[in-house]
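An overview of the molecular structure
Below, each chain spelled out in residue letters.
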Amino acid sequence: DPPVEKYEYQAEVSRLMDLIVHSLYSNKEVFLRELISNASDALDKLRFLSVTEPALLKDAVDLDIRVQTDKDKGIITITDTGIGMTQQELVDCLGTIAQSGTAKFLKALKDSKDAGADNNLIGQFGVGFYSAFLVSDRVVVSTKSPKSDKQYVWEGEANASSYTIREETSPEKLIPRGTRLTLYLKRDDKGFAHPERIQKLVKNYSQFVSFPIYTWQEKGYTKEVEVDEDPAETKNDGDGKAEKKKKTKTVVERYWDWELTNETQPIWLRNPKEVTTEEYNEFYKKTFNEYLDPLASSHFTTEGEVEFRSILYVPAIAPTGRDDIINPKTRNIRLYVKRVFISDDFDGELFPRYLSFVKGVVDSNDLPLNVSREILQESRIVRIMRKRLVRKAFDMILGISMSENREDYEKFWENFGKNLKLGCIEDRENHKRIAPLLRFFSSQSDEEMISLDEYVENMKPEQKDIYYIASDSLTSARNTPFLERLVVKDFEVLFLVDPIDEVAIQNLKSYKEKNFVDISKEDLDLGDKNEEKEKEIKEEFGRTCDWIKKRLGDKVASVQISNRLSTSPCVLVSGKFGWSANMERLMKAQTV
Ligand code: ADP
Ligand code: MG
């Protein structure tokens, strides 16, 4: 026999398994979802790699997943014909955790409980495999990678700190390619090995797996068989000869066979009219390992120059744990070509980086299957797709903003408002789409944010411009002397309190033909100039100004008479071509 090698788990793995088993005990059945989604991932990887390396498919077996149960022994086997694992991959994948630590997992677990969200968590942390130990005492993984000519067996037990790996030698256990998982169920969990139960779970959890899943089921058919008639009933025809009569009877013939258990049509190919919101949400959570429903979704087909189908989503929360909000490499868009998964590794090719929070799938028949990053970056088709996707994303966001439920958009704004403001700076072409989605506090609404449309609606007949003041907080915006005259005139002033606000507004320049005007700049014109009176005042106070300027010297550019105050005696303003006080503050903050 070949040697059995013993390996220790990375310390984090042991802790994690413990955590999973103890925190998810009430929802054990998720193990099946996790193991099936690993099988499906393995098939996806194989199908993708085989586009450029057809030799990987040399063992002509179908791409599918098979789940077999033995209810008497309490055993479940899950077999896929996917990419499999080499010996080294077994160690790397099933003995160590790549990215996410236990602490992160714990925190998310707590958050999700607080949010009352369901358990889609394990998958999100790349620890799905260990959920096998929710129900198993012992797990055996026998796997054959097309890159290796040997098949290896990984074996682990619940609550153990080590596992073993050996070469598979029993001829009857050899598989052409892929992975076979054997779960030896815990005594109390043997019920999962009931064929009907497993069939129900597969149906429930693998709704969106695009490979066929078969379960091993007992079947029956009826047939007529001839039976000899009961001798007691045999008639005597009188002349003493007993005549044997033939009779037929219906019996049920039983046998076992594989039964297709899922529907493999991808959800995006279905008719939008026939897909329910729940199905869209489930697909989202499953595909992107999310545990909260999305805020909105949009399912569409485009025709004409370029044809593709897509479902886009706006998540309910921004990803946690990252300070920089704009991460273009999010794996948020999954590109398929003719239903084959191609890539989710994009860097602004399909969405501008400020919209990189949008998640979704895109399936096109017009791209080549072996599409590469270079092709993506240069393709005219991709450029057209991008344009349409962006437009659809804006429609979807606009939809949230018009929802009856104002809270939805507040949630959106809290999470992704910054992204849209960045869009004002980076995407001139879409200013018209972005501007109506912006929200600000104002002098007349400092509890609830308002839209620019609401601002314009509230403008006074004699008011020409949209006024704003940039400040570091609502309190200082509220108390600035610049406001005084506008308050008297009942003109609303936007409070730009987020550092990016001012730059965003300056990039927009105007909204509905009304200019944005900074009320702290020196030439503020409120449309109420009284030349006569100004002249009078200038004569009266001109020398006072000269005197103050002399005293302050270089500290100020000039000292002027102004009509902008009503109760404060003086105010410091910025020159009209200079930075606003707020910008000065920001620039200073950046240079130290
Ligand atoms: P995740 O699926 O999020 O990566 P898992 O704990 O579920 O995390 O699986 C860990 C890794 O083990 C996978 O990334 C994959 O490389 C490998 N793996 C698990 N199941 C299979 C399988 N059936 N076939 C091939 N590789 C697998
Ligand atoms: Mg997984």
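The chain goes by Heat shock protein 90-6, mitochondrial-like isoform X1 in an unreviewed UniProt entry, where it is assigned to Nelumbo nucifera. Quoted verbatim from the Sequence similarities (unreviewed entry) field of the UniProt record, the comment on the chain reads "Belongs to the heat shock protein 90 family."

Within the chain one finds 17 helices and 20 strands. Buried residues in the chain amount to 33% of all 592 residues. Contacts in the chain between residues far apart in sequence, at least 24 positions, make up 73% of those at least 6 positions apart.

This part covers the environment of Ala 132. Within the fold, Ala 132 resides in the loop between helix 5 (121-124) and strand 4 (136-144). For Ala 132, a count of 26 C-beta atoms within 10 Å corresponds to the buried category. Here the alpha-carbon distance between Ala 132 and Leu 183, two residues 51 residues apart in the chain, equals 7.3 Å. Excluding anything up to four places from it in sequence, Ala 132 contacts Phe 31, Leu 35, Val 139, Leu 181 and Leu 183.

The next subject is helix 16 (residues 531-552). Approximately 50 degrees is the largest bend angle found in helix 16, and it occurs at Phe 541. Counting buried positions along helix 16 gives zero out of 22 residues, so the element sits mostly on the surface. Count one or two residues on from helix 16 and you reach Gly 553, which has phi positive near 60 degrees.

If you want to describe how two helices pack, look at the angle between their axes and the distance between the axes. At their nearest, the axes of helix 9 (residues 380-401) and helix 10 (residues 406-426) sit 7 Å apart, and the two run at 130 degrees to each other. Regarding the angle of helix 9 to helix 10, the classification is oblique. Contacts between helix 9 and helix 10 involve Ile 397, Ile 400 and Ser 401 on the former and, on the latter, Asp 408, Tyr 409 and Phe 412.

Pairing in this open sheet of nine strands is mixed, and the strands run 1-6-5-4-7-3-2-8-9 from one edge to the other. The sheet is open, and its two borders are formed by strand 1 (5-8) and strand 9 (246-260), each paired with just one other strand. Ignoring strand direction, the axes of neighbouring strands in this sheet form an average angle of 20 degrees. Relative to strand 5 (residues 151-157), helix 3 (residues 87-94) is tilted by about 25 degrees, and along the sheet it contacts strand 1, strand 4, strand 5 and strand 6 (162-167).

Around ligand 1 lies a shell of 18 residues, among which Asn 38, Ala 42, Cys 93, Gly 128 and Phe 129 are the nearest. Every element with two or more residues in the shell around ligand 1 is listed here: helix 2 (30-52) and helix 3. The element best represented in the shell around ligand 1 is helix 2, accounting for five residues. Here the shell around ligand 1 is composed, by residue class, of eight nonpolar, seven polar and three charged.

Here three bridges tie strand 15 (residues 439-442) to strand 16 (residues 445-451), and the two strands are oriented antiparallel to one another. Within strand 16, the residue paired with Arg 439 across the bridge is Ser 451. Adjacent in sequence and paired antiparallel, strand 15 and strand 16 are bridged by two residues.

Strand order in the open sheet formed by five strands is 10-11-14-12-13, with mixed pairing between adjacent strands. Each of the sheet's edge strands pairs with one partner strand only, and the pair in question is strand 10 (296-302) and strand 13 (340-343). For this sheet the average axis-to-axis angle between neighbouring strands, irrespective of direction, equals 20 degrees. The pairing of strand 11 (residues 308-314) with strand 14 (residues 359-364) spans six bridges and is antiparallel. Among the inter-strand pairings, Tyr 313 is bridged to a residue of strand 14, identified as Lys 359.

Attention now goes to the pairing of strand 6. The pairing of strand 1 with strand 6 spans four bridges and is classified as antiparallel. In the sheet register, Lys 6 faces strand 6, and the bridge partner there is Thr 164. For strand 5 and strand 6, the ladder comprises five bridges, and the chain directions are antiparallel. Bridge pairing in strand 6 places Gly 156 opposite Tyr 163. Counted along the chain from strand 5 to the antiparallel partner strand 6, the turn is four residues long, and its residue Asn 159 has a positive phi close to 60 degrees.

Now for the nonpolar core. Ranked by size, the top nonpolar core spans 121 residues in total, and within it Tyr 468, Ile 469 and Val 493 carry the most contacts. Residue contributions to this core peak at nine residues, all from helix 2. When residues no more than four places from it in sequence are discounted, the contact partners of Ile 469 are Ala 477, Thr 480, Phe 482, Leu 483, Val 493, Phe 495, Leu 496, Ile 519 and Ser 520.

Time to look at the packing of helix 10 against helix 15 (residues 501-508). Put simply, helix 10 and helix 15 touch, their axes get as near as 8 Å, and they point 45 degrees apart. Taken together, the axes of helix 10 and helix 15 lie oblique to each other. Helix 10 and helix 15 meet at a crossing whose hand is left-handed. Contact residues: Lys 421, Cys 424 and Ile 425 in helix 10; Asp 501, Val 503, Ala 504, Asn 507 and Leu 508 in helix 15. Here the residues of the contact of helix 10 with helix 15 sort into five nonpolar, one polar and two charged.

Within the sequence span of helix 6 (residues 195-205), burial applies to Ile 198, Leu 201, Val 202 and Tyr 205. Buried residues in helix 6, looked at end-on, bunch into an arc of 100 degrees, giving them a common side. Facing away from the buried side of helix 6 by more than 90 degrees, the exposed set consists of Glu 196 and Asn 204.

Attention shifts here to the environment of Leu 57. By the element assignment, Leu 57 lies in the loop between helix 2 and strand 2 (65-70). According to the C-beta neighbour criterion, Leu 57 is partly exposed, with 16 such atoms within 10 Å. As a C-alpha pair, Leu 57 and Arg 47 span ten residues in sequence and 8.5 Å in three-dimensional space.

Parameters and conventions
- Residues numbered from 1 in each chain as written.
- Chains lettered and ligands numbered in written order.
- Predicted model: local features only at pLDDT ≥ 70, side-chain atom pairs only at ≥ 80, totals over all residues.
- UniProt positions renumbered as here; feature names shortened; annotations may be inferred.
- Helix = DSSP H or I, 4+ residues; strand = E, 2+ residues; numbered from the N terminus.
- Buried ≥ 20, exposed ≤ 12 C-beta atoms within 10 Å, placed from the backbone.
- Contact = placed C-beta atoms within 7 Å.
- Bend = angle between axes of the 7 residues up to and from the residue.
- Axes fitted to C-alpha atoms, helices over the stretch in contact; angles between N-to-C directions.
- Parallel < 35°, antiparallel > 145°, perpendicular 65-115°, else oblique.
- Pairing = 2+ DSSP bridges.
- Near = placed C-beta within 6 Å.
- Nonpolar A, V, L, I, M, F, W, Y, C, P; charged D, E, K, R; others polar.
- Core = buried A, V, L, I, M, F, W, Y, C linked by C-beta atoms within 7 Å.
- Left-handed = near helix turned anticlockwise from the far one by under 90°.
- Arc of directions from axis to C-beta.

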